[in-house]
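Listed below, chain by chain, are the residues.
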Amino acid sequence: MEPLPDRAARAAGVSKAADTLAGQPIGRSRSIPIISARPSGPLNVLDTPAPNSAADPLDDAMRQVDAVIRDRLSSRVSLIDQIAQYIISAGGKRIRPRLVLLFSQALGFEGPERFELAAIVEFIHTATLLHDDVVDESMLRRGRATSNAVFGNAASVLVGDFLYSRAFQMMVSVNRMRVLDVLAEATNVIAEGEVLQLMNMHDADLAVDEYLRVIRFKTAKLFEASARLGAVLGNASPQIEDACAGYGRALGTAFQLVDDLLDYDGDSEALGKSVGDDLREGKPTLPLLIAMERADEGERALIRGAIEHGEVAQMPQILEIVRRTGALDATRAAAQREADQARDCLDMLPPSAVRQALLELCARSIHRSS
Ligand code: GRG
């Protein structure tokens with residue numbers, strides 16, 4: 001039978017030759033907002049500095065997206081306003097809106113619908129974060145207390161529902177069936193991914209390809225949809241649309257692989273969220289799966305116990321095994337492989353500032369600390 005590391009490497013799409021792959025419990029939450037829970041920083045999204053503001057070809061367009069976000073966030077219900085502002089004003093990298101803008105620009109579309117669609121994908125992303133932090137009982141996100149920690153689980157889930165349904169109202173206003181089609185499918189797949197992940201919790205025998213399926217669903221799908229929407233706006237041919245979607249899918253997969261790696265190797269402060277949460281939750285991600293395959297029998301039993309029972313007492317030893325077995329380098333190599341695939345999808349675009357920005361997004365997604 002083929003040795004486990006080789007199976008893992010193949011399933012993750014990394015060549016053998018390269019040898020590169022191989023809570024805190026939530027207390028009783030307040031159900032009404034409290035003034036002291038307001039963020040100390042700006043509440044206005046326009047005050048949030050855009051990443052890479054120096055030479056960012058999207059500076060101007062991102063300002064327009066932020067204006068749409070601010071406008072469409074409003075609700076007659078004050079708690080919705082407060083929580084939606086709380087999470088959106090914390091910033092975030094705004095990668096998904098950038099994909100809409102970059103691909104629509106690359107394909108020659110300059111209408112205002114691109115700002116609407118960019119805001120829509122950010123709303124959907126934010127809705128998933130609100131829901132995910134409740135599911136995972138996370139306490140820290142974007143460098144501050146999660147919405148569920150501050151406002152409670154019920155309010156967080158419901159405001160997630162508001163953002164999600166507001167996104168669909170905005171989609172209808174764009175009045176293009178194809179847009180609805182892409183986003184209805186994407187959100188459905190994201191939810192499937194999250195349920196699949198739930199089913200895989202505490203499964204120390206999870207296959208690498210099943211892990212990859214989950215990340216393609218829960219994370220890469222929205223990247224894919226964002227890139228595809230840029231192509232839809234540009235009335236691209238089906239071939240070009242699929243190439244754009246392929247870029248988004250590969251970039252999103254690389255992005256989640258790095259996310260999972262940073263959970264073992266990151267710095268909580270830089271990341272703006274707690275590290276080590278995946279092990280605490282018994283979530284079998286690629287660094288752990290590879291470490292298990294490469295470790296000796298005793299170490300394997302230790303990791304298995306941690307995954308199956310969410311044992312965190314052995315965290316330092318497990319971290320040491322993950323590092324020593326090269327599981328982090330192998331995970332980064334798997335992410336690099338995906339980023340390379342994303343880059344290849346750009347061959348259909350002529351050289352331009354936009355194409356350059358998309359290439360840089362691949363590099364930044366791999367070499368990031370937050
Ligand atoms: C509401 C459609 C819908 C579904 C609910 C909970 C859930 C089902 C899905 C959650 C999926 C999820 C949270 C995937 C992780 C995505 C991820 C890598 C988030 C981090 O993205 P960044 O780093 O975040 O772009 P910032 O903070 O920069 O915006």
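(A) Quick peek at the overall build of the chain. Secondary structure assignment for the chain yields 17 helices and two strands. Looking at the chain residue by residue over its 370 residues, the buried ones come to 46%.

(B) Quick look at the nonpolar core. Ranked by internal contacts, the top residues of the largest apolar core, which has 105 residues, are F103, L117, Y247, L251, A254, A291 and I303. Of the residues forming this core, the biggest block, 15 residues, is contributed by helix α9 (residues 208-233). In this view, I303 contacts L288, A291, M292, A295, I318 and I321; residues no more than four positions away in its chain are not counted.

(C) Representation of helix α4 (residues 95-106). Here α4 is twelve residues long and its end C-alpha atoms lie 16 Å apart, about the 16 Å a rise of 1.5 Å per residue gives. Taken together, the buried positions of α4 are I95, R96, P97, R98, L99, V100, L101, L102, F103, S104, Q105 and A106. Lining the buried residues of α4 we find α2 (59-73), α5 (113-136), α9, α10 (238-265) and α17 (353-366). Count one or two residues on from α4 and you reach G108, which has phi positive near 80°.

(D) Examining the environment of M139 more closely. Counting through the fold element by element, M139 comes out in the loop between α5 and β1 (140-141). In sequence terms M139 and S274 are 135 residues apart; their C-alpha atoms lie 7.8 Å from each other.

(E) The arrangement of helix α16 (residues 327-345) in detail. With 19 residues, α16 extends 28 Å between its outermost C-alpha atoms, agreeing within 8% with the 27 Å of an ideal straight helix rising 1.5 Å per residue. Across the 19 residues that make up α16, a large majority, 14, are buried.

(F) Main features of unusual backbone geometry. Positive phi, normally seen in glycine, also occurs at E137, with a value near 55°. With respect to the secondary-structure elements, E137 resides in the loop between α5 and β1. Its identity as a non-glycine residue notwithstanding, R142 has a phi of 50°, on the positive side. Looking at where R142 falls in the secondary structure, it is placed in the loop between β1 and β2 (144-145).

(G) Fine view of the site of the ligand. Not every one of the 21 residues close to the ligand is listed here, only the nearest: G92, K93, T128, H131 and D132. The element contributing the most residues to the shell around the ligand is α5, with seven residues. Residues of the shell around the ligand, tallied by class, amount to eight nonpolar, seven polar and six charged.

(H) Just the confidence of the model for the chain, in detail. Looking at the chain as a whole, the pLDDT averages 86, with 85% of positions reaching at least 70. Throughout residues 1-54 the model reports pLDDT below 50, and contacts reaching past four residues in sequence, or to other chains, amount to 89 contacts.

(I) The arrangement of the environment of L233 in detail. Along the chain, L233 turns up in helix α9. Judged by the 25 C-beta atoms lying within 10 Å of it, L233 falls in the buried class. Sequence separation between L233 and V100 is 133 residues; the distance between their C-alpha atoms is 9.0 Å. Here L233 is in contact with S104, F109, E113, R114 and L117, once residues within four sequence places are set aside.

(J) How the structure looks around the packing of helix α8 (residues 177-200) against α9. One can describe the packing of α8 onto α9 by two numbers: an axis separation of 8 Å at closest approach and a directional angle of 165°. One finds that α8 runs roughly antiparallel with respect to α9. Where α8 crosses over α9, the handedness of that crossing is left-handed.

What counts, and where the lines are drawn
Residues numbered from 1 in each chain as written. Predicted model: local features only at pLDDT ≥ 70, side-chain atom pairs only at ≥ 80, totals over all residues. Helix = DSSP H or I, 4+ residues; strand = E, 2+ residues; numbered from the N terminus. Buried ≥ 20, exposed ≤ 12 C-beta atoms within 10 Å, placed from the backbone. Core = buried A, V, L, I, M, F, W, Y, C linked by C-beta atoms within 7 Å. Contact = placed C-beta atoms within 7 Å. Expected span 1.5 Å × (residues − 1). Near = placed C-beta within 6 Å. Nonpolar A, V, L, I, M, F, W, Y, C, P; charged D, E, K, R; others polar. pLDDT = per-residue confidence, 0-100. Axes fitted to C-alpha atoms, helices over the stretch in contact; angles between N-to-C directions. Parallel < 35°, antiparallel > 145°, perpendicular 65-115°, else oblique. Left-handed = near helix turned anticlockwise from the far one by under 90°.

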